[in-house]
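If you want the building blocks of each chain, they are given just below.
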Amino acid sequence: MGLVQALLALLGGAILLVYTFRKRPEAAASPDRLLFIGLTAVIATFMITPLCPMYCGNTCHCCHSRSFPWRFLSIQALATALLTAGLAWPVGRQFIAPVAILLLLLGGLLGLRTDHLC
């Protein structure tokens with residue numbers, strides 16, 4: 001996960017927190033769902049890092065040969081996408097979505113280098 005994706009997920013998660021604990025219950029999301037999504041993102045991110053004891057080989061010796069931590073990338077991507085979807089809640093959402101899409105595209109494509117075959 002890159003910096004742009006992490007910042008957009010944090011911003012969307014913060015917006016979801018604000019809308020969850022507002023006074024208006026009709027606009028609120030379920031706190032249980034938000035807790036599940038947040039914990040899923042945090043645990044999946046932790047499982048990818050070398051801080052996880054399973055990755056270091058302390059408890060599972062076959063993890064290095066099977067690229068174990070990278071199996072959590074899809075779980076992390078799903079959780080951060082759900083958190084980023086919180087950007088659709090605010091009033092000015094018609095301007096936030098194109099800016100977020102542009103930031104994600106630029107963050108992903110600016111680092112690419114072309115490779116010429118000839």
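Residues numbered from 1 in each chain as written. Predicted model: local features only at pLDDT ≥ 70, side-chain atom pairs only at ≥ 80, totals over all residues. Heavy atoms only, no water.

A. A look at the overall build of the protein. Of regular secondary structure, the protein possesses 5 helices and 0 strands. Sequence-ordered secondary structure for the protein, helices as α and strands as β, is α-α-α-α-α. Per-residue burial over the protein gives 27% buried out of 118 residues. When the accessible surface of the protein is split by element, carbon and sulfur atoms take 72% of a total near 8,600 Å². (Helix = DSSP H or I, 4+ residues; strand = E, 2+ residues; numbered from the N terminus. Buried < 20%, exposed > 50% of the residue type's maximum accessible area, 1.4 Å probe, protein only. Areas by Shrake-Rupley, 256 points an atom, 1.4 Å probe, with all protein chains shown as cover.)

B. Quick look at the side chain of Gln76. As for its placement among the helices and strands, Gln76 is situated in helix 4 (residues 73–84). According to the relative accessible area criterion, Gln76 is buried, its value standing at 5%. A distance of 2.9 Å separates a polar atom in the side chain of Gln76 from a polar atom in the side chain of Thr45. Excluding residues that lie within four positions of it along the chain, Gln76 makes contacts with Met1, Ala44, Thr45 and Ile48. (Polar contact = N/O pair within 3.5 Å; in protein donor to acceptor, adjacent residues only side chain to side chain. Contact = heavy atoms within 4.5 Å.)

C. Structural context of helix 1 (residues 3–20). Spanning 18 residues, helix 1 covers 25 Å between terminal C-alpha atoms, matching the ideal 26 Å at 1.5 Å per step. Along helix 1, the positions that sit buried rather than exposed are Leu8, Ala9, Gly12, Gly13, Ile15, Leu16, Tyr19 and Thr20. Down the axis of helix 1, the buried set is contained in an arc of 160°. They therefore lie on one face. Structural note: helix 1 exposes Leu3, Leu10 and Val18 on the side pointing more than 90 degrees away from its buried face. (Expected span 1.5 Å × (residues − 1). Arc of directions from axis to C-beta.)

D. Quick look at the packing of helix 1 against helix 4. Where helix 1 contacts helix 4, the two axes come as close as 7 Å, and the packing angle between them is 55°. With respect to helix 4, the axis of helix 1 lies oblique. Crossing of helix 1 against helix 4: the hand is left-handed. Contact with helix 1, carried on its side by Leu8, Ala9, Gly12, Gly13 and Leu16, involves Thr80, Leu82, Leu83 and Thr84 of helix 4 and no other residues of that element. (Axes fitted to C-alpha atoms, helices over the stretch in contact; angles between N-to-C directions. Parallel < 35°, antiparallel > 145°, perpendicular 65-115°, else oblique. Left-handed = near helix turned anticlockwise from the far one by under 90°.)

E. Up close: helix 4. Counted at 1.5 Å a residue, the expected span for helix 4 with its 12 residues is 16 Å, and the 16 Å between its end C-alpha atoms agrees. Those residues of helix 4 that sit buried are Gln76, Ala79, Thr80, Leu83 and Thr84. The arc enclosing the buried residues of helix 4, seen along the axis, measures out at 140°, which places them on a common side. For helix 4, the exposed residues set more than 90 degrees away from the buried face come down to Ser74 and Leu78. Where helix 4 is buried, its residues contact helix 1 and helix 2 (31–48).

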